Amino acid sequence: MKNTRISKFKYAAAPLALGIALISTASFAQDEAAEEVASDAIIVTGSRIARPNIEAASPVTVVSAEQVELTGTTTVETLLNELPQVVPGNTRVSNNAGGENFSTIDLRGLGPGRTLILLNGERLPASTTTGVTDVSQIPTGLIERIDVVTGGASAVYGSDAIAGVVNFILKKDFEGVELVSQVGQSEDGTGFGFNVSGLVGGNFADGKGNLTVYGSFTDRSSVSQGRYGYSRVSGALVFDPAVDSDAGTGGPLLLVDDPSEIPAGYLVAAGGGSATAPWASITSLAGNPFRNLSTLLPGTFAGANTDCNAATAGVNVNAGTLSFNDAGQLAPYASGGQCAVPIRANGSSRYNFAPQNYLITPYDRLTLTATGRYEFSDKTRLGVYTSFTNANQQVNLAPTPATGIVVPANSPLIPADLRIALNSRANPGGDFVINRRFQETGPRDGRFKTNAINVRAIVDHDLSDAWQLSVIGSFGRVDNALRGIGNINRTAVAQGLRGCPAGSLPGCVPLNIFGANTLTPAMLSFVRIDTQQSESFEQARVAANITGSVGQLPGGPIGIAAGVEYRKDTGETVVDDAQRTGNIYGFNAVQGISGSINVKEIYGEVRLPVLDILSLGAGARYSDYSSVGGLFNWKAEAELTPVDFLKVRASYNRAARAPNVFELFQNGDQGFPSYVDPCNDTAARSATILANCQASAPGFNFAGFQQNNSQVQAFSFGNPNLSEEKAETWTAGAVLSFDNVAGGSLTATADYYNIKLSNRVAGLGAGFFISQCFGAASADACSRIVRNSGTGQIDSVNTTVTNSATPLKTAGVDVGLDWSTELFGGRFSISDVFTYVDTYKIGTTEFADTVFSGIGGVTVKYANTLTTSFRKDGITAQVRYVWKKGGRQNFPGAELEGFWPDSARIPDLNLINLSLRAQVSDKFEITGIVNNLLDKYPPQTPTGFFEQSNSNINFYDPYALGRNFTIQARVKF
C-alpha cells in the first residue's frame, strides 16, 4: 500500500534547492531576476510590485542566456533539469514511462502539474487536459534569462503555482540578424541531432516600435535500446536465499542480463523480458490440465532442458505451460533457472523486448515566434507575442503482446502436436488459452503530432507618474494527434481462430498463431489495425492589473498592486471506436473526455518599506472556480538588512490548486503499471492472504503460483467530486555579500524551505487496491479487481484519484557560493550550489534518499552543481560538474522491499561537461561542447528492472549515450 501511494502520486520524487543562481558569471541569482519598468523601479519574478532594488524576500534562481548558449540547449528542460530544485520529468529517454508525451518541468518533486510556467511574467496555457505545459515550445534563441521561484506563488499568479513558477523572459528590442547552426553526436556515432535558427529584429517609427521574428528547427535521431550493452537484454532479478535481510526474504538482489552472471546458489526473483513471446505460450488450465506429454510427445517433452543449463540433466515434462521451439515444434515453456534471462538462443521461452524499444526517442520541432512593441504615446504602449509550434515525437515498443486469447479446440489450423496435447486433457474439446506476441506487425509505433498557437497582447498605460494600468488578453490552443501503428483487432483474432463463422468481418481468414512467424500476409492484413486519437486544449484569458505607490514610510513609498482575471480552460479528447471499446491488443485503450473549467479572480499585493533596513509584504488572491468554488490564497514576507553585507529574508505562502479537466473527467483509460501480486507463493504470503486469493479465483490452486508479468492492466477513472489541494510554504534565509574576499567578490546564501501539501489529488493505483483487497479484504477494493479463475492471473484493476488525507511534507536547506575575480588578465568565476533534503515524507513514511522506478523516482538527499568559467580576449571556457547522491533501494514501501541490505544504493550521478567558445570576429563565434566527459554509461540496477533499459534511466539520462560532442556556430549581422 505504501509503495503504491508514493509511486502513483510521485511523477517525480526529489525535493531540492531554493534560490541559487546556476550561472557561470560571478553574480548572485537575484542580480538578474528583474525586469526594468522605469529608471528607478524594477519587477522581480514572484511579485507584481515595482521596487527600487532587485532584492526580493523569496529566493529566485536565474539561468542566463549565456548558459543556454554555452550548453547548446535546444530544449530547455535539458538545462533546467540540472538545477537542484528541478526534478527531471519527461525527457528524451521517456519511451514508455507514462506521464506526458512532451517535455515537462517539476519543481521540488511535487509533480509538473503543480509548477506554473510563465512567459514574460504571464501564464502560458496548458498543453493537455492534465494542466501541464510543454516547455519545448519555448523559443530558446529568444531567451534572455529564466527565473525560477520555488515554494508557492499562487497568491501572485493563481492556481497551479503550488511548487512555484518558471518564468521565461524573452529578449526585447533586438536589432539585427543572428543565425545559429548546431550539430551533435555521441562518440559511439549515435544520437545525431541538429538545430538551425534565425533571429531578425529591428526598430521602426523612430524607435517607438520594434518587431522581432524568430524561427528554429530541431531534429533528434532515435537510438534503440539494442544499441548498448547495458540495455540490450531486458534482464532478470535474482537473489541469494541464504542471506537473511531485514524482512527475512533473502538478499542481496541482482539484475543480470547474461545467464553466466547468475552467482551459484542464487534463485530467480523475477524473469527478465516478457512472458508473452512471438513463439506463444499455452496455459494449462487448472480444471483441465495437460497430461502424459513426455509419453505422447517424447521428442520435446522427454528429457527436456527447461532451465537453459546444459550442465543439468533433462527432465520429463508431462503438464504445465507449453510453447513452441524455433523449429515450430510444441515444447515445454522454459523460464526457470538460466532461462529467466530472455535469450532465445539459449533456449529461453521468455521474450527480450529491449532491442525493439527506443532508448532515445526521435523528435523534431518547428518553432515560429514574433514579438513586437509599439509606443502610441509617452503614456501608452502595446506589446504582442505570437507563436506557432509544430512538434513530432515517436515512441517505439516491442510488437503487440496479446494475452488471454481463448481458442476453441476445433480451431482449423491447430498443428498436429498441439492437437495431441489438447487431446490429453480430461476434456479434449474444451477451449484453451494462448498468449502470443504478434511479431509480424513489427514494433508498436506511436506517433505524436502537436500544433500549438499562442497569441497575447498587453496594453500598458501610465495613469500618472506613480500608477500604471495593464490590460492583458491571451488565447492559446494545442491540438495533439496520436496515431498508434501495430495494434491487433481483438474481434478479428477471435473470428479467425474460429474459422470465420457467419457474420465475421470482411476479409476474414482462418488464423494460425501457433508458433512464431506463422501469420501470412492475408492473416496479418485481417487482424492488424491502426488507431487514431485527437486531443485539443485551449485557454482564453483576460486580466487587468494596476500597480503604483501611495504614501511614504521611512524606507520609501508604499507599493501596491491589484487586479482581476478571468480564465476559461476547455479540453476534449476524441478516440476511435477501437480504442474506445478496448477492441485492440497493443496500445492502451482510451476513453473520450470533454469538459471545461472557468475561474474569476481578484488579487492584490502590498509592500511596506517600514525602515531603510526593513520591509514587509503581503498578498492575497480570491478565486471562484466553476468546479470547486471559492479558493483563498495569501502570502506574507519580510526583508531585513541590518548591515550592508547581510540580508535576512523570510516568506510564508498559503497556496491552492484546483483539479484539472483530466483529474475530474478521465473516463477509464487503460494502462499497465508495475505491481507485485500478494498471491505469489512466497514466504510473505500469509494464510489470510491465501484465503483472500482463493476467494478471488474459486477453484484455482495457488500452490506454487507466480505472476507471469511485472505489469497489470489497469483502467483509470477521474473523480468529479475532487476538491482543491492546499499547501503551506515558508522559507527563511540569509544572503552575505562582500566586495573583496581572496581578491574577488563573493556572495554566499543559505535558505531553508518547508512545504506541506494537504488534501492532495493522489492516485489510488492498482497496487493500492490489490494490497487492500488481499491484505485487508476490502470489499470495495476487491470489486475493482478481475482475477482469472483459470490461470490465477489478475486480468485488470479499476483505479481512481482522490483527495488524500495523508499530507506530504518536504523540507531542506540550500547553500550557495558565487565568487569571481580578475585572473591572468581575464575573469575567473566559481558558482556552486549545494542542496540538502532533510525530509520528503508522505504521512509517516520517509522517502528522502530513496529510489523508485519511473519518472523522478530518485529522491536525492544531497546534490551539488559546480560551474567554473574563465573569460579573456573573446575566449570563454566553462567546466560544469553535476553530482547527485544515489538513493537507497530498500526501505518501507520499496518496490521489492526486503530483498537488499539497508545499505544497498544506486550509484551516484557524476557528470562533467566542458564548453569552449571563441569569438572569432565581431560577427562570428564558434562553440565546442563535450558532455559526459568521463564517458559514463547508466549502471544496471535492481530497480531498473521496473523502468527502462535495465537502469534508472530517467536519473542517468546524461549517461545514456556515453561521451558526446556538440559544435555550434553563430553569425551576427
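This text follows the structure it describes.
Residues numbered from 1 in each chain as written. Predicted model: local features only at pLDDT ≥ 70, side-chain atom pairs only at ≥ 80, totals over all residues. Heavy atoms only, no water.

Below, the discussion takes up the environment of Val-132. Within the element layout of this structure, Val-132 appears in the loop between β7 (122-123) and β8 (143-150). For Val-132, a relative accessible area of 5% gives the class buried. Distance from Val-132 to Asp-160, taken between C-alpha atoms, is 9.2 Å for residues 28 residues apart in sequence. (Helix = DSSP H or I, 4+ residues; strand = E, 2+ residues; numbered from the N terminus. Buried < 20%, exposed > 50% of the residue type's maximum accessible area, 1.4 Å probe, protein only.)

Once that is clear, we can look at the pattern of salt bridges. Under the defined criterion, the tally for this structure stands at 39 salt bridges. Note that Arg-145 is salt-bridged to Asp-147, the shortest N-O span being 2.9 Å. Each member of the pair, Arg-145 together with Asp-147, is buried. One salt bridge in this structure joins Glu-187 and Arg-963, with 2.7 Å as the shortest N-O distance. With Glu-187 in the loop between β10 (176-186) and β11 (193-204) and Arg-963 in the loop between β49 (924-931) and β50 (964-972), the pair connects residues that are 776 residues apart, well separated along the chain. Three or more residues are tied together by salt bridges with common partners; here these are Glu-122, Arg-541, Glu-565, Arg-567, Glu-601 and Arg-621. (Salt bridge = Lys/Arg side-chain N within 4 Å of Asp/Glu carboxyl O.)

Further remarks concern the pairing of strand β14 (residues 236-239). Look at any regular strand and the pattern is simple: side chains alternate between the two faces of the sheet. Residues Ala-236 and Val-238 line one face of β14 and the alternating positions Leu-237 and Phe-239 line the opposite face, and both faces are buried. In this structure, β14 lies alongside strand β15 (residues 253-256), joined through four bridges in antiparallel fashion. When the bridges of β15 are listed, Phe-239 appears paired with Leu-253. (Pairing = 2+ DSSP bridges.)

Next up on the list: helix α13 (residues 766-776). Burial runs high along α13: eight of the eleven residues are buried. Within α13, the full set of buried residues consists of Ala-766, Gly-767, Phe-768, Phe-769, Ile-770, Gln-772, Cys-773 and Phe-774. Just downstream of α13, Ala-777 is the residue with a positive phi angle, here 55°.

With that settled, the discussion passes to the packing of helix α12 (residues 687-696) against α13. For any two helices packed against each other, one specifies the crossing angle of their axes together with the interaxial distance. It is at 7 Å that the axes of α12 and α13 come closest, and there the two elements cross at 110°. Between α12 and α13, the angle is such that the two are roughly perpendicular. In contact with Ile-689, Asn-692, Cys-693 and Ser-696 of α12, α13 contributes Cys-773, Phe-774 and Gly-775. Here the residues of the contact of α12 with α13 are counted per class, giving four nonpolar, three polar and no charged. (Axes fitted to C-alpha atoms, helices over the stretch in contact; angles between N-to-C directions. Parallel < 35°, antiparallel > 145°, perpendicular 65-115°, else oblique. Contact = heavy atoms within 4.5 Å. Nonpolar A, V, L, I, M, F, W, Y, C, P; charged D, E, K, R; others polar.)

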